[in-house]
Amino acid sequence: QVQLEESGGGLVQPGGSLRLSCAASGFPWDLYAIGWFRQAPGKEREGVSCVALRDHTTYYIDSVKGRFTISADKAKNTVYLQINSLKPEDTAVYYCATTYCGSTYLIAGDYWGQGTQVTVSS
């Protein structure tokens, strides 16, 4: 019933920008939180950001603060991740997922999208 689908990835030069989208449905919007995770080749998956959909509390890991912005549009059933000043180390498959989210924590939940590839290269 819960469905999550990412889009918006692509190949971008260092310093460029992307906006990723997560179409999310099948759950009570105001009671949930959505997060973004990424997995680079040969590395473990890491959580990068989340937003609580009731009050829009957000969390970011230190390495993306000031460059990544998470937002949610209830009318469109979509959560976005705006990524600016892209670096090669941002290259990864990016996933959205249901999460537990507060200003100081991001914990993965039970539902995941299929992922979208972000490649940063000159």
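Placed above this text is the structure.
These figures come from a predicted structure and were not determined experimentally.

Conventions used here
- Residues numbered from 1 in each chain as written.
- Predicted model: local features only at pLDDT ≥ 70, side-chain atom pairs only at ≥ 80, totals over all residues.
- Heavy atoms only, no water.
- Helix = DSSP H or I, 4+ residues; strand = E, 2+ residues; numbered from the N terminus.
- Contact = heavy atoms within 4.5 Å.
- Areas by Shrake-Rupley, 256 points an atom, 1.4 Å probe, with all protein chains shown as cover.
- Lys, Arg positive; Asp, Glu negative; His and termini not counted.
- Charge placed at Lys NZ, Arg CZ, Asp CG, Glu CD.
- Patch = residues over 30% accessible without salt bridge, like charges linked within 9 Å, V, L, I, M, F, W, Y side chains within 5 Å.
- Salt bridge = Lys/Arg side-chain N within 4 Å of Asp/Glu carboxyl O.
- Buried < 20%, exposed > 50% of the residue type's maximum accessible area, 1.4 Å probe, protein only.
- Phe/Tyr/Trp six-rings, centres within 6.5 Å; stacked < 30°, edge-to-face > 60°.

## So, the overall build of the protein
Summing up its helical and strand segments, the protein has zero helices and eleven strands in all. Along the protein, from the amino end to the carboxyl end, the secondary structure elements read β-β-β-β-β-β-β-β-β-β-β. Seen through its C-alpha atoms, the protein measures out along the principal axes to roughly 40 × 25 × 25 Å. Considering only contacts within the protein whose residues lie at least 6 apart along the sequence, 58% involve residues at least 24 apart. As displayed, the protein has an accessible area near 6400 Å², and 45% of this comes from carbon and sulfur atoms. Counting 10 positive and 11 negative side-chain charges, the protein places the averaged centre of each group 4 Å from the other.

## Structural notes on a nonpolar patch on the surface
Together, Tyr100, Tyr105 and Ile107 make up an exposed nonpolar region whose accessible area comes to about 340 Å². Mapping Ile107 onto the fold places it in strand 10 (residues 105-112). The partly exposed category is assigned to Ile107, whose relative accessible area is 45%.

## Looking at the packing of aromatic side chains
Ring pairs (aromatic) are described by centroid distance and by the angle formed between their planes. Under the criterion given, the structure shown has four aromatic pairs. Between Phe27 and Tyr32 the ring centres are 4.9 Å apart and the planes differ by 35°, which places this aromatic pair in the tilted class. Ring geometry for Phe37 versus Trp112: centroids 4.7 Å apart, planes at 55°, classification tilted. Separated by 75 residues along the polypeptide, Phe37 in strand 4 (residues 33-39) and Trp112 in strand 10 bring together distant segments of the chain. Classification of Phe37 by relative accessible area gives buried; the value is 4%.

## Focus: unusual backbone geometry
With a phi angle near 65°, His56 is a residue other than glycine that sits in the positive phi range. On the accessibility criterion, His56 (45% relative accessible area) is partly exposed. Within the chain, Ser85 stands out as a residue other than glycine whose phi angle is a positive 50°. Of note, Ser85 is situated in the loop between strand 8 (78-83) and strand 9 (92-102). On the basis of relative accessibility, which here comes to 41%, the residue Ser85 falls in the partly exposed class.

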